[in-house]
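Coordinate inspection notes
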Amino acid sequence: MFTSFTLMSRSFRTHGFRTLAIASLMIAMPAYPQQSGASQAGSGQPDNAALLQKIRDLEDRVISLEGQVRLLKSQAAPAPSPATAAATATEAAAKAAPVSPTPVAPLSQAQAISLGGAGGSAAKALNPDISAIGDFIAVAGHNPVQPSPSLEMHESELGFQAIIDPYARGDFFLSFGEEGVNLEEGYITFTALPAGFVAKVGKMRSAFGKVNLMHNHVLPWVDRPLVTNSLVGGEDGLDDAGVSIERIIPAPKGIFVEATGQLFRGDSGGTEHPLFKASTKSDVSAVAHLRTYKDITEATNVDIGLSYARGHNDLGSNFLTQLYGIDATLRWKPLRRSIYHSFIGRGEFIWSQRQQLPFEQRAFGFYTSADYQLGRRWFLGGRYDHSDRSEFANLTDQGASAVLTYWPSEFSQVRGQYRFIHYAGNIDTHELLMQVQFSLGAHGAHPF
Amino acid sequence: MNAIQNSFRLFRPMRNSQAQISRRLKKPLKKSGMQIPRGLSPTRNDKANGPIGTSKLVPSPIWVQSRFFQRPVLILGLALWIVFSPAVAEAKKLNVVTSTTDMAALTQEVGGDKISVESIAKGYQDPHFVEAKPSFLLKLRQADLLISVGLQLEIGWLPPLITQSGNPKIQVGAPGYLDASQFAEILEIPTGTVTRAMGDVHPLGNPHYWLDPDNGRRIARGIAQKLGDMDPNDSAYFQQQFLDFDKRLSAAEQKWDQEMQPYHGRKVVTYHRSFPNFAKHFDLDVIGYVEPRPGIPPTPSHTIELIQLMKRESCKVVLVEPYFDLKTPQSIGQATGAQVIVYLPSVGGEKQVTNYFQLFDYDIALLIKAFNATK
């Protein structure tokens, strides 16, 4: 009896001893009845079993307490109100007191004096996820049409992301050029709306096609396709302050259908050649997107989207620019070897209708791309570009790129891209783009 | 000039007063410095303007032509469809979605026929790298309860799914979100500073905690409690199911412990750090990993070190998760004479392993075979 007591107390001091204690007890047990009578065994065994059970129960309680402490420490979730936090903490302390008073007591004190939500060390735990992503680009080759600097810290993106309260989450992405800062995105997402709606309010990349939604660091290329640059506002793209509402629409046969409607102020696409420009308050722009998705097999899926955007261009309130887009993506990723091989084939086709003087310009452009994952760290891709220019639809540029990407780890990436462009007016350019990207901190995952 | 005139045929004259036109065109005229003939204006808001002589394409009344009429009808129809299509199908059973198959298996044990449960990830898939496919949103939007493994195992894919699901019930912090790690004993919690130089470390501890029957019991108890909270009418049923599971698990545990008894203290190498809870429960000694650091693929120098270590410690078993490439483990096996076995970290890793018990049955049988072969 005495030995089992010491065993018990010791087991609480250290984790490792816990199983040792149980194991040694179990090993000792079968030997016991052999040397003593059956009646003795009958009285001894229940004692041991009860003790073992007690040890197990206490062990379970310690583990559940550890879990609660971990949850309190780590939870990025909405902070419980101070009163309940204090209550649970003291409750936890009270529960823990007979078992191990040391680790939990200071925490309860910290909670008790907290003002306005969490205090002390817990406040740090409620900081948003902060991340920084560096994007360095080096370019070799001559391009008189769209010249790029030889070496450039192209973008440094800071991300702040957190759950705001039980009803919403917030995301901020600030992109720093070598000079100047730009709020790339900053919005609140209301996740708890009735009837399955999800709403966003703030500045955001609009849901026009695929590439427009992507931040620079998730592009499979160094640059953006020609059609983006010519028709959809360049690198900044359709990115504006406004309101977005989306909802999944029930469809048969496991087809995913999602509709998005967005209303923006009407300023998009940089300052030099803006895509949309609001000359008056009523010059708002609108974007609509319909996305359908279907799993063909567990490894293969198809994603097709229709997009429409409408806004006023830089000539004034009387001049509309309308964009129509179709995007299609085919993905393949075998689940058993998902970290080694995958394929993404993609195409986006965009029609632009721009009212200007002397007459409307109707331009068309597209890109198609394919990316294959060769191994865990290597990706090989290619892209074909074709696009008219929005203001001069009779001028057409064409291009082709080959891309090789290496990921030393999930958090850094080295990429080389050979880019050939045949500009309108018979200007051929050959360029080599090198890119290094690296990520610090906790950058939340991007939507699929 | 002729060309320009032709081009202007596209535009229709407006009835607006000259003043209006010039006011409207002030900006563009200034900007572009272009001259427009009076009475002409780019086509826009032409709904109010009567048909013009040049147009022969106006068979229908003006109001039907109107863009501003046609669009709202379409948009309104679409909006009505969107709003009134059912958001969540009414189901009598509690609809549970779990991130991994193990959580689904444990939920099934305690939920019995009063719930329906589905896992997002497959058992043979690397749970760190699941794609956040939209088809999963279809499951999540109808879920009453989402059970995650937690400890940032799913950080790369579950948060965007939850946000996009449009389902308030399963948002983090809502009653329908359950992080199962709170119930389990967690190992390898890093102390001191955590940096990415350590690889893809999980700052909150090793998330592969379910491969310990004791943790399985604790998780099941937590889930049973949660199901009871969500569906108080069946609370007693869930408790009964848990007690039944507990009994069966204890019996199985005894059997497993006995089977593994002769192999206590045996040394093994695993590919990823997904084995600590199993090793602790069954008293195995994990001396090294094929990955130099968690999430970093094997490097030649580390592989050589590992081979030397295995020879020194006479470790004869390499355990590989089903989603990793076998090339490096096999070359290690050849160099050291070790057995390379593909063990299952999760239910559903192989077709015949459909529940939590079979998972241990499978892995233990595999281990014993390997240990015996390399005595």
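Check the entry above for the structure.
Attention here is on the structure that accompanies the text. (Residues numbered from 1 in each chain as written. Chains lettered and ligands numbered in written order. Predicted model: local features only at pLDDT ≥ 70, side-chain atom pairs only at ≥ 80, totals over all residues.)

All names here are of chain B. When strand 7 (residues 317-320) meets strand 8 (residues 339-342), the two strands line up parallel, connected through four bridges. Considered in strand 8, the bridge of Val320 is made with Val342. Between strand 7 and its parallel partner strand 8, the chain crosses via helix 12 (residues 327-336), and the hand of that crossover is right-handed. (Pairing = 2+ DSSP bridges. Helix = DSSP H or I, 4+ residues; strand = E, 2+ residues; numbered from the N terminus. Right-handed = clockwise from strand over helix to strand, strands pointing away.)

This paragraph deals with the environment of Gly237 of chain A. Residue and element names in this part refer to chain A. Note on placement: Gly237 falls in the loop between helix 7 (226-231) and strand 6 (239-249). You can call Gly237 buried: it has 24 C-beta atoms within 10 Å. A sequence separation of 122 residues divides Gly237 from Phe359, and the C-alpha atoms of the two residues are 24 Å apart. For Gly237, the residues in contact, after removing those within four places along its chain, are Arg205, Asn212, Thr228, Val232 and Gly269. (Buried ≥ 20, exposed ≤ 12 C-beta atoms within 10 Å, placed from the backbone. Contact = placed C-beta atoms within 7 Å.)

The end-to-end C-alpha separation of helix 8 (residues 213-230) of chain B is 25 Å, in line with the 26 Å expected for 18 residues at 1.5 Å each. Taken across its 18 residues, helix 8 of chain B has 13 buried, putting it largely inside the fold. (Expected span 1.5 Å × (residues − 1).)

Moving on to unusual backbone geometry. Generally, phi is negative for residues other than glycine and the peptide bonds are trans, each holding for most cases. The omega torsion of the bond from Leu357 of chain A to Pro358 of chain A falls at 0°, within 30 degrees of zero and hence cis. Within the element layout of this structure, Pro358 of chain A appears in the loop between strand 11 (342-354) and strand 12 (361-373). In this structure, Gln152 of chain B takes a positive phi of about 70° despite not being glycine. Position of Gln152 of chain B among the secondary structure elements: in the loop between strand 3 (145-148) and helix 7 (158-164). Here Gln152 of chain B falls in the partly exposed class, since 19 other C-beta atoms lie within 10 Å of it. In the Ramachandran plot, Glu188 of chain B falls in the positive-phi region, its phi being about 55° despite a non-glycine side chain. Residue placement: Glu188 of chain B occurs in the loop between strand 4 (177-179) and helix 8.

All names here are of chain B. Viewed as axis vectors pointing N to C, helix 11 (residues 300-312) and helix 12 meet at an angle of 40°, and their least axial separation amounts to 10 Å. Our classification of the angle between helix 11 and helix 12 gives oblique. Between helix 11 and helix 12 lies a crossing whose hand is right-handed. In this structure, helix 11 uses Thr303, Leu306, Ile307, Met310 and Lys311 to contact helix 12, whose residues at the interface are Thr328, Ile332, Ala335 and Thr336. Residues that form the contact of helix 11 with helix 12 fall into these classes: five nonpolar, three polar and one charged. (Axes fitted to C-alpha atoms, helices over the stretch in contact; angles between N-to-C directions. Parallel < 35°, antiparallel > 145°, perpendicular 65-115°, else oblique. Left-handed = near helix turned anticlockwise from the far one by under 90°. Nonpolar A, V, L, I, M, F, W, Y, C, P; charged D, E, K, R; others polar.)

Turning to the packing of helix 5 (residues 101-111) of chain B against helix 8 of chain B, a few remarks are in order. All names here are of chain B. Between helix 5 and helix 8, the least distance of the axes is 9 Å, while the angle of their chain directions is 60°. Between helix 5 and helix 8, the angle falls in the class oblique. As for the relative orientation of helix 5 and helix 8, their crossing is right-handed in sense. Along the contact surface, helix 5 presents Leu106, Thr107, Glu109, Val110 and Gly111, while helix 8 presents Gly216, Ile219, Ala220, Ile223, Ala224 and Leu227. Tallied by class, the residues present in the contact of helix 5 with helix 8 amount to seven nonpolar, three polar and one charged.

With that settled, consider the sheet that holds strand 7 of chain B. All names here are of chain B. Judged by pairing direction, the sheet is parallel, and its four strands sit side by side in the order 6-5-7-8 without closing on themselves. A single partner strand is all that each edge strand has here, and the edge strands are strand 6 (285-289) and strand 8. Averaged over all pairs of adjacent strands, the angle between strand axes in this sheet comes to 30°, irrespective of strand direction. Pairing of strand 5 (residues 267-270) with strand 7 involves two bridges; the strand directions are parallel. Across the sheet, residue Thr270 finds its bridge partner in strand 7, namely Leu319. Strands strand 5 and strand 6 of the sheet are contacted by helix 11, whose axis makes an angle of about 155° with strand 6. Each of strand 7 and strand 8 touches helix 13 (residues 356-373); the most contacted strand, strand 8, lies at about 175° to it.

What follows is about the sheet that holds strand 3 of chain B. All names here are of chain B. With parallel pairing, the four strands of this open sheet are ordered in space as 2-1-3-4. The open sheet terminates on both sides in strands that have one partner only, identified here as strand 2 (115-119) and strand 4. Neighbour to neighbour, the strand axes of the sheet diverge by 20° on average, direction disregarded. Its contacts with the sheet put helix 5 on strand 1 (94-98), strand 2 and strand 3, and the angle it makes with strand 2 is roughly 170°.

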